[in-house]
Amino acid sequence: MITEEFILNVTECQGQLYSYILSLTGNSDIARDLLQETNKSILEKVSDYTPGTSFSAWASKIAFFKVLSFHRDRQRQPMLFSVERLREISQKTLSRNQEYDRRLDFLFQCIEQLPDDKQKLLRQRYEQDLPLEELASLWGRTYNATAALLYRVRLTLMDCVNKSLKLEKQI
C-alpha cells in the first residue's frame with residue numbers, strides 16, 4: 001500500500017536519484033528517462049520496501065538495475081562504462097549520498113541549537129527567501145552588517161556539522 005510517508009520518500013529522493021543515474025549514464029536525457037522508469041518500478045515494488053530501512057539505498061538499487069538493463073538493451077552501441085566500472089561508480093555515489101544525508105541531519109540538529117533569533121534569521125533568508133536588503137531593514141541593520149551576521153551564523157553551523165561528523169567517527 002502506498003502511504004503518505006512512502007510518497008514523501010519518493011519525492012525527497014528525486015534529486016539524489018537523478019544525480020546517481022546521471023553519474024552512471026553520463027547523459028542527462030537518458031538519466032531523466034531512466035529516473036521515470038525507476039519511479040514507476042518504485043511504485044510497483046512498494047510492497048518490497050521495508051519501512052525503517054534506508055529508502056534512498058533501496059531506490060538506488062532499483063535505479064542501478066534500470067541502468068544495467070538500459071546498457072544491456074543498447075548492446076549494439078558501445079557502453080560508456082563496463083558493468084564492473086558501473087558498480088564502482090555506484091558504490092562511490094551511494095557513499096557520497098550517505099555522507100550528504102549525515103551532514104544534512106547534523107545541519108538540522110545544529111540549527112536547533114542556535115539561539116531563536118539566529119534561527120529566525122535563517123528562516124527569513126532561506127525559507128522565505130528574503131533578499132538581504134529586506135532582511136537588513138527588518139533587523140534594523142545595514143546591508144553589510146546583515147551579510148556579516150549571516151556569514152558568521154553559516155560558519156557556526158559549518159563548524160558544528162564538522163565537529164558532529166568527527167564525534168560520530170570516533171564512536
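Placed above this text is the structure.
Summarised in this report is the structure supplied together with it. (Residues numbered from 1 in each chain as written. Predicted model: local features only at pLDDT ≥ 70, side-chain atom pairs only at ≥ 80, totals over all residues. Heavy atoms only, no water.)

What follows covers the overall build of the chain. Secondary structure summary: the chain contains eight helices and zero strands in total. At 21 Å, the chain has a C-alpha radius of gyration far larger than the 16 Å of a compact globule built from 171 residues. Here the chain holds 171 residues, and the buried ones make up 35% of them. Within the chain, contacts between residues separated by at least 24 positions form 58% of all contacts whose residues are at least 6 apart in sequence. For the chain, the exposed area adds up to about 11,400 Å²; of that, 53% sits on carbon and sulfur atoms. Averaged over its 24 positive side-chain charges, the chain has a centre that lies 6 Å from the centre of its 23 negative ones. (Helix = DSSP H or I, 4+ residues; strand = E, 2+ residues; numbered from the N terminus. Rg over C-alpha atoms; globule rule 2.2 N^0.38 Å. Buried < 20%, exposed > 50% of the residue type's maximum accessible area, 1.4 Å probe, protein only. Contact = heavy atoms within 4.5 Å. Areas by Shrake-Rupley, 256 points an atom, 1.4 Å probe, with all protein chains shown as cover. Lys, Arg positive; Asp, Glu negative; His and termini not counted. Charge placed at Lys NZ, Arg CZ, Asp CG, Glu CD.)

Examined against the element boundaries, asparagine 39 turns out to sit in helix H3 (residues 28-44). Using a relative accessible area of 12% as the deciding quantity, one classes asparagine 39 as buried. The contact partners of asparagine 39, leaving out residues within four places of it in the chain, are Val10, Gln14 and Leu17.

Moving on to helix H7 (residues 132-139). For H7, the full list of buried residues reads Leu132, Leu135 and Ala136. Down the axis of H7, the buried set is contained in an arc of 100°. They therefore lie on one face. Turned more than 90 degrees away from the buried face of H7 sit Glu133, Ser137 and Leu138, all of them exposed. Of the residues one or two after H7, glycine 140 is the one with positive phi, at around 65°. (Arc of directions from axis to C-beta.)

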